[in-house]
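# Residue-level structure breakdown
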Amino acid sequence: MSLKLSVDWPRCAAHGLCAEIAPELISLDDWGYPTVLPGPIPPQLVRLAERARMACPVLALRMEQVPD
Amino acid sequence: MSGATALAGVGTGPRLLAGLGNGQRLDLAAHLEVHGPVTSLRTRRRAEHPLIEAIAEAGVRGRGGAGFPTASKLRAVKAAGRRPVVVINGSEGEPLSQKDTLLLLRTPHLVLDGAAAVAEALGAKEVVVYLHRGREAVERSVQAAIRERDDASLFTLVAGPARYVAGESSAVANFLSGGPAIPTTTPPRVSERGVGGRPTMLSNAETYAHIGLVARHGPEWFRTVGTASEPGTLLLTITGAVQAPGVVEVPFGTLISTALELAGGVSDASVGYLLGGYAGTWMRPEIANDLALASMVMRERRAGIGVGLIAVLPQAACVLAETANIMRWLANESARQCGPCLNGLPAIAEATEALATGRVDEFVLGKLERWARMVEGRGSCHHPGGAVQTLRSALDTFADHTNQHLMSGPCSQAHRTWLAIPAVPTGPDADFR
Ligand SMILES: Cc1cc2nc3c(=O)[nH]c(=O)nc-3n(C[C@H](O)[C@H](O)[C@H](O)COP(=O)(O)O)c2cc1C
Ligand code: SF4
Ligand code: SF4
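Just so you know, these numbers come straight off a predicted model, no measurement behind them.

Next up on the list: the site of ligand 3. By nearness alone, 13 residues border ligand 3, and B:Ala335, B:Gln337, B:Cys338, B:Cys341 and B:Cys381 come closest of all. Tallied by class, the residues present in the shell around ligand 3 amount to seven nonpolar, five polar and one charged.

Structure (structure tokens):
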């Protein structure tokens, strides 16, 4: 198993905080919505991903276990 | 539904459309005469319910667009462990598709039989027939059929908003749970947590009709036509520049040209076919004609069977103008809850319109591809991905014509379009209620 970031799209309101905190993992599209790094989160970035997830004011960032 | 014809399949008698010649509608007596009663299937392994085993062995795949193996879904619902709800998705939101409507109008008992057999196999006590509002004839047909049956109390009919995404499975479950008919974020899937939080077996009306026959004749019979990976037949709506537009039934693996002959043949030279629906694939006739209706073959051409639709565009038409109309419609049909879909689809529609009917430079193609990548897979449902599929196939397949637009502006056909676009919704439909 590995961890993966995903966005709960109806919740996400393009606050952009996530990308500010974790630019290594998240960039913003033309309208300010996050694009997350595809594939598993590199182990050294898991804590950063968790911080980004917690920072989202509407809890729109999901971190899930996915089978390898 | 106007002009729908039920034609025989190739190399086999019709299955779903059996007994429907001359515009007949099969009431219960006629239905039993044509198809016979449902008898119990014998089990081989007894590891699971004989119907689920039979559906797995038959290799039934969903006919709602994605072609997902039906047995896998049944097993997921069963594994959820609680008493499930069965839903027949008869919403048929694809504007040109008529196959589910045809089944529910003319042979409703086949669909209900399939759903009743599934309910029995899953231990469900409730089957919901879900339709889009405004199709009174379909509602009357389904109500009349339910009243005729011994198991009438199993069924309820619910009509939801007549919106394209309202037919997506999580949107259906959301509406049947009292919410708006807009998709929800997955997981959970509806098979796990759907209507009222219960595991929900939701399939397309045609899928249940096939199950109604598997329940009678078993998997070996089912596999006698079609291909090894896609056994059986499928319904196709054939529309546009053909002599006899309507619904035909053909085995999987049938050539597209053969299917078109069943609809009377192409009536005029054609510039291109739209395969699979408004969220579909444009293809040149000379390539499409020789293509088999088999997912593996079509995938190589980056196409799919989708909901089973072939729209034949006449020669005197502009694919870009048609695509621009489709993009605008798909943008209007967004549930507007996911940022990329809400912002991206209108941006794509506007740029496609400019390309089709205005004067633009080649940068528009880069913009379109950039936005296509930005909306694809970035929403709660596959709506944006479907739009991108149609757009990319138009630009790739008709690259020459696109260049002509870029160099000399709109072509002489660009201001007249052929494909029907539904009106902008009003009333409760407007907010998916
Ligand atoms: C935007 C959108 C619209 C859809 N509309 C319909 C529809 O009108 N009818 C339908 O059966 N499935 C529709 N689907 C597919 C359903 O989500 C679901 O996959 C299908 O009903 C499952 O049935 P099946 O397994 O028998 O194919 C739609 C999907 C999407 C993404
Ligand atoms: S912080 Fe939350 S709401 Fe803001 S862009 Fe990121 S995911 Fe969306
Ligand atoms: S992707 Fe678009 S259509 Fe699908 S749920 Fe999100 S906003 Fe609605």
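Turning our eyes to something else, we now look at the pattern of salt bridges. Residues and elements named next belong to chain B. Under the criterion given, the structure shown has 20 salt bridges over all chains. Ionic pairing is found between Arg 216 and Asp 113, a salt bridge with its closest N-O pair at 2.7 Å. Placement of the pair is Arg 216 in helix H8 (residues 205-222) and Asp 113 in helix H5 (residues 108-122), with a sequence separation of 103 residues. Across the pair, exposure class does not vary: Arg 216 and Asp 113 are buried alike. Between Glu 369 and Arg 392 there is a salt bridge whose closest N-O contact spans 2.9 Å. Placement of Glu 369 in helix H14 (residues 363-375) and of Arg 392 in helix H15 (residues 383-397) is noted, with a sequence separation of 23 residues between them. For Arg 392, a relative accessible area of 22% puts it in the partly exposed group.

The subject of this paragraph is the interface of chain A and chain B. Listed as interface residues are 11 residues of chain A and, on the opposing side, 17 residues of chain B. When residues of chain A are sorted by the area they lose upon contact with chain B, A:Trp9, A:Pro10 and A:Trp31 head the list and together hold 54% of the total. Seen at the junction of chain A and chain B, the total is two salt bridges. A salt bridge links B:Arg378 to A:Asp29, with the nearest nitrogen and oxygen atoms 2.9 Å apart. The interface formed by chain A and chain B includes eight residue pairs in polar contact (both at pLDDT 80 or more). Every element with two or more residues in the side of chain A that touches chain B is listed here: strand E3 (34-36) and strand E4 (61-66) of chain A. Split into classes, the residues belonging to the side of chain A that touches chain B amount to five nonpolar, one polar and five charged.

The rules behind the values
Residues numbered from 1 in each chain as written. Chains lettered and ligands numbered in written order. Predicted model: local features only at pLDDT ≥ 70, side-chain atom pairs only at ≥ 80, totals over all residues. Heavy atoms only, no water. Near = heavy atom within 4 Å. Nonpolar A, V, L, I, M, F, W, Y, C, P; charged D, E, K, R; others polar. Salt bridge = Lys/Arg side-chain N within 4 Å of Asp/Glu carboxyl O. Helix = DSSP H or I, 4+ residues; strand = E, 2+ residues; numbered from the N terminus. Buried < 20%, exposed > 50% of the residue type's maximum accessible area, 1.4 Å probe, protein only. Contact = heavy atoms within 4.5 Å. Buried area = accessible area lost by both parts, 1.4 Å probe. Polar contact = N/O pair within 3.5 Å; in protein donor to acceptor, adjacent residues only side chain to side chain.

In short, the description is geometric, and any link to function would need to be established separately.
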